[in-house]
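In case you want the letters, here they are:
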Amino acid sequence: MSDEKEQPGSPAAPPAEQSPAEAQAKPAPPKPPAPKPAVPAGPKKWESTGEVAENGATAALKAKFGEAVAGVKSPCKEAVVMVPKAKLAEILSFLRDDAACSMDYLSDLTGAHFPVNDKKFEVAYHLYSLAHKHSLRVKVQLDDGESCPTATAVWPGADWMEREAHDLLGIVFEGHPDLKVILLPEEFEGHPLRKEFPLGGKQEEMIRSNKYGKPVYLPEDIEEARKIIEEHRHGS
Amino acid sequence: MDFATIMQYAGWPLIKIVILLIPVFTVVAYMVWFERRLLAFFQSRLGPNRVGPLGLIQPIADGLKLFLKEDLVPMNSRPFLFKIAPIFAFFPAFVGFAIVSWALPWVTPSGKVHPFVVADVDLGILFVLALSSLSIFGIILAGWSSGSKYPLFGSLRSASQMLAYEVPMTLSVVAVVLLAGSFRLSDIVAAQEKLGWYYLFPGILAFGVYLVSAVAESNRVPFDLPEGESEIIGFHTEYSGMRFAWYFVGEYANVTLISVLGTTMFLGGYDIPFVNDAALYAAHPELTSVLGVCAFAAKAALFAVFFIWIRATWPRYRYDQLLKIGWIVLLPIALANLVLVALLKLWLLR
Amino acid sequence: MAVNEQAEKVSPLREIMETREIELNLGPQHPATHGVYRALVRLDGERVLGMESVIGYLHRGIEKWAEYRTWQQATPIFDRLDYVGAVLNCHGYVGAVEKLLNVEVPKRAQYIRVILDELQRIASHLVWLGTHGLDIGAQSVLFYAIREREAIMDLFEAMLGQRLLPNAYPIGGVRFDFPKGWVEVCRQFLEIFPKRIDEYEGLLTGNRIWRQRTIGVGVISAKDAIALSLSGPTLRGSGVNFDVRKAIPYSSYEDFDFEIPLGQNGDVFDRYLCRVREMRQSVRIIKQALDGMPEGELRGKVGKIIRPPAGEAYYTIEAAKGQLGFYIVSDGSDKPFRVHVKSPSFVNLQGIETMCKGNLIADVVAVIGSLDIVLGEVDR
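## Brief notes about the overall build of chain C
Across its full length, chain C carries 17 helices and 6 strands. Computed over the C-alpha atoms, the radius of gyration of chain C is 23 Å, within 12% of the 21 Å expected from 2.2 N^0.38 for a compact globule of 380 residues. If you line up chain C on its principal axes, its C-alpha atoms span 95 × 50 × 35 Å. Burial analysis of chain C (380 residues in total) assigns 57% to the buried set.

This is the structure:
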């Protein structure tokens, strides 16, 4: 995580050093740049394309909260709204309790890491109404280190989903009853789904960039490989 | 002491014990094979069929494997109790065979009578019941001394299960004793022969209670709670190698013993069905003995098939439900049956 | 009086005889946890006072891994989520990408997908039925269930070249049409299978012990089930009519006539009955799909290199365990920017604490079986 060089320049440019398995699959040492003529180089904000879709729930939200709720474009005509963090708890309980929305079923809760955006994290709530059979995605943007109000008071089922997002992305959910690790080992450092986290994990990364500064692959011989690992673990 | 006295008190019993133990061991070992083949037949598969013809050498291979395995004693355990516990499970089941009467006595040409029984104890049934209560110590000690929670649960379950099932089983046996007027097993068979009816019919309720509590007594499906392999793995979780094998053999010996006793008490033991045994015996004594043993084995095999059949068919009861059946269903039935049998004895079967 | 109290306090006997709660560690290596699930159970005797789930022993970082593969290359890894229902997982991911790409899947491909999905649902339910029966002590059902599953695996092998993890669908449609004679074998299976379900039901549904072990055990109310976001038969066992195939139809499910079995009490027995009846409905769906199979293309228009427009899509299907959702984010490149799997087993497992509290330890085993969890999907 502390590896500065691992910061991807552009989300469109897949970080070549981070994919060792792929590099192994393609033996050519300098990975040929992926054909990406449409995307200009340099950091570019991630933004959804498409058009804003509406349904009963978004209409009710607009009527109640006005400008605070912004429609988000979607390439596949899904109803998506972006809400400010300050009003999130209020909006979620409104969505559940309001008769026109009655979003009583929390289908999914997750987050994503956008290192190039101003606000680096997004949390997405996928809601569904069993009565009206409409669905809605509510999104909230967070800065790195910023916490998000918990949804467990509205849907108890958000419990494990929030723990998972906390585990893998490092998003802190304020007011969660028991925000501890769920999928990762307890002593695990870092949040694997953040973009700067290397695919192979930190240890592998350490081995690959050895003291001569060149990426090195572990030798076939197990004993030798173990020696190198030990050297790296204790040497540096 | 002359030779004859020594032979009477030590020699003959020892010879009989050896003669008895070899077939009993074989039967117990092949019970395992038989159960696996029959289960496989119920479950549309083949079962062990690779070691020897029809897999017949499988029990020997299994025994050899278990014998050669390392004997582990967990660090947390109480080693002395842990080591002696399997003996309690294994020993009573085998001793119980001593009182079983296998066939009509053999009369030598010189007029000496040799009963086909190791020890024709006149309180035979009481002796077996006392022994079978002892076997529960094997399970309780195993659970307690293993120093692990799962075996402990198994042994606790076993203790309460024994309380719930020993009583109805004893009461059902008492009904038989009442009918026969004797605790001696050979007398019970003789009484059934004399009556012309097996006690299955006058004691049908007792037979039902005996069957259910026998299954519970031998810790088999649907009452295999002390083992409960998918819940608490069992009281012998921590055992390995030969010590585990002792439990295993003990269980099958128990099943065999219970089948044999049930046969003796309810199915007429070595009485050959549809044949006047006394007349046949007068004419061909040896033939009658041989046929009697065969009839006995066939009847006992029916019991064994029944045990295996329910194992293939039924799920497992829960702990509290099992106790409820023992105390609320079986005990009143057994008591009512005892009263009925007493009245029957008083008025009809005098 | 005071002296007595004093004496009681220091009495060593009292210290020994005191009753205490036991904390029992169930798993991760336990025969009834269906994998590497671990539960810490607080017990009073055998009664469960509370329990805590510990998961993550099988976390393989599938979501992270997918970010380093192109959209097509990422497909096979999702078979490894729910490894007894692999075709359904594949459908979920592929459907999400198609939704983002706005690709029209040809009708024939949709029907083939329905047939394979439903076969996989039956296979998954059969594995569940066998292991659930085994948990409660009914051994034989496992072997009967595996026998029928074998027939389905053979059908998969003939059609897809693989049995367990067939990587069934490419993005945009299906790879192969039915091989010669496949439809006849499939129809034969559909003729036999309902009779076999009768056989299982004969062993379990009417069985006194089975009913005693399952009715009234592990109850969860409809309100709790919705609040905890349970899905699939676990939710429908409580009487909530939510099946993605009906609620948000995908892959032409609106063309077929089938019912959604519902429970009433939300106990283990109702969940069992829901799944068994679901197998019969699956047979119905497959028959209709085979009868009404349209002619036409197998794959929609999808290029060799896929670059979906920047944006996100959330696509859900009804997998064997419940609602399986794929939330995918694209940044316009040829690799997924973020893939999140809403796995039904993971969410359903949340309900276990509510279901088990106050029951006995043997019921915990029954409840775990009735949730039908697959740890590959729980931990991802």
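Having seen the structure, we can now continue with the description.
## Describing unusual backbone geometry
All names here are of chain C. Its identity is not glycine, yet Asn 167 carries a phi of approximately 50°, on the positive side. Residue position: Asn 167 is located in the loop between helix H7 (140-160) and helix H8 (182-203). Residue Asn 167 is classed as partly exposed on the basis of its C-beta count, with 17 C-beta atoms lying within 10 Å. With a phi close to 55°, Asp 372 is a non-glycine residue in the positive phi region. With respect to the secondary-structure elements, Asp 372 resides in the loop between helix H16 (361-371) and helix H17 (375-379). A count of 29 C-beta atoms within 10 Å places Asp 372 in the buried class.

## Some words on the interface of chain C and chain A
Listed as interface residues are 42 residues of chain C and, on the opposing side, 41 residues of chain A. At the level of secondary structure, the elements contributing two or more residues to the side of chain C that touches chain A comprise helix H3 (62-66), helix H5 (86-101), helix H10 (222-227), strand E4 (311-318), strand E5 (323-330), strand E6 (338-342) and helix H14 (344-348) of chain C. Looking at the side of chain C that touches chain A element by element, the count peaks at 5 residues for E4 of chain C. Grouping the amino acids of the side of chain C that touches chain A by side-chain chemistry returns 19 nonpolar, 13 polar and 10 charged.

## Here we look at the nonpolar core
Leu 127 of chain A, Val 176 of chain B together with Val 97, Ile 328 and Val 367 of chain C are the most contacted members of the largest nonpolar core, which has 247 residues in total. When residues of this core are assigned to their parent elements, the largest contribution, 14 residues, is made by helix H6 (residues 107-136) of chain C. Not counting residues within four places of it along the chain, the set of residues in contact with Val 176 of chain B comprises Ile 188, Tyr 199, Gly 203, Ala 206 and Met 265 of chain B. Of all hydrophobic cores here, the second largest spans 5 residues; its members include Tyr 150, Leu 152, Phe 153 and Ile 232 of chain B.

## What to know about the environment of Arg 243 of chain B
Residues and elements named next belong to chain B. Topologically, Arg 243 is positioned in helix H8 (residues 241-266). For Arg 243, a count of 25 C-beta atoms within 10 Å corresponds to the buried category. The contacts of Arg 243, once residues within four sequence positions are left out, are Asp 71 and Pro 86.

## Observations concerning the sheet that holds strand E3 (residues 47-54) of chain C
Residue and element names in this part refer to chain C. Strand order in the open sheet made by the 3 strands is E1-E2-E3, with antiparallel pairing throughout. Each edge of the open sheet carries a strand with a single partner, namely strand E1 (22-26) and E3. Along the sheet, successive strands turn relative to each other by an average axial angle of 20°, direction set aside. Bridge analysis of strand E2 (residues 38-44) against E3 gives 7 bridges, and the strand direction is antiparallel. Counterpart to Arg 38 in the pairing with E3 is Val 54. Taken strand by strand, H16 contacts E1, E2 and E3, and its axis lies near 150° from that of E2.

## Focus on the interface of chain B and chain C
Across the boundary between the two partners, chain B contributes 20 residues, which contact 25 residues of chain C. Taken together, the elements giving at least two residues each to the side of chain B that touches chain C come down to helix H10 (285-313) and helix H11 (319-347) of chain B. The leading source of residues in the side of chain B that touches chain C is H11 of chain B, at 3 residues. Grouping the amino acids of the side of chain B that touches chain C by side-chain chemistry returns 8 nonpolar, 5 polar and 7 charged.

## Overview of helix H3 (residues 79-95) of chain B
All names here are of chain B. Given a rise of 1.5 Å per residue, 17 residues ought to cover 24 Å, and the 25 Å separating the end C-alpha atoms of H3 matches this to within 8%. The complete set of buried residues in H3 reads Phe 82, Ala 85, Pro 86, Phe 88, Ala 89, Phe 90, Pro 92, Ala 93 and Phe 94. On its buried face, H3 sits against helix H1 (3-42), helix H4 (124-145) and H8.

Definitions and limits used
- Residues numbered from 1 in each chain as written.
- Chains lettered and ligands numbered in written order.
- Predicted model: local features only at pLDDT ≥ 70, side-chain atom pairs only at ≥ 80, totals over all residues.
- Helix = DSSP H or I, 4+ residues; strand = E, 2+ residues; numbered from the N terminus.
- Rg over C-alpha atoms; globule rule 2.2 N^0.38 Å.
- Buried ≥ 20, exposed ≤ 12 C-beta atoms within 10 Å, placed from the backbone.
- Contact = placed C-beta atoms within 7 Å.
- Nonpolar A, V, L, I, M, F, W, Y, C, P; charged D, E, K, R; others polar.
- Core = buried A, V, L, I, M, F, W, Y, C linked by C-beta atoms within 7 Å.
- Pairing = 2+ DSSP bridges.
- Axes fitted to C-alpha atoms, helices over the stretch in contact; angles between N-to-C directions.
- Expected span 1.5 Å × (residues − 1).

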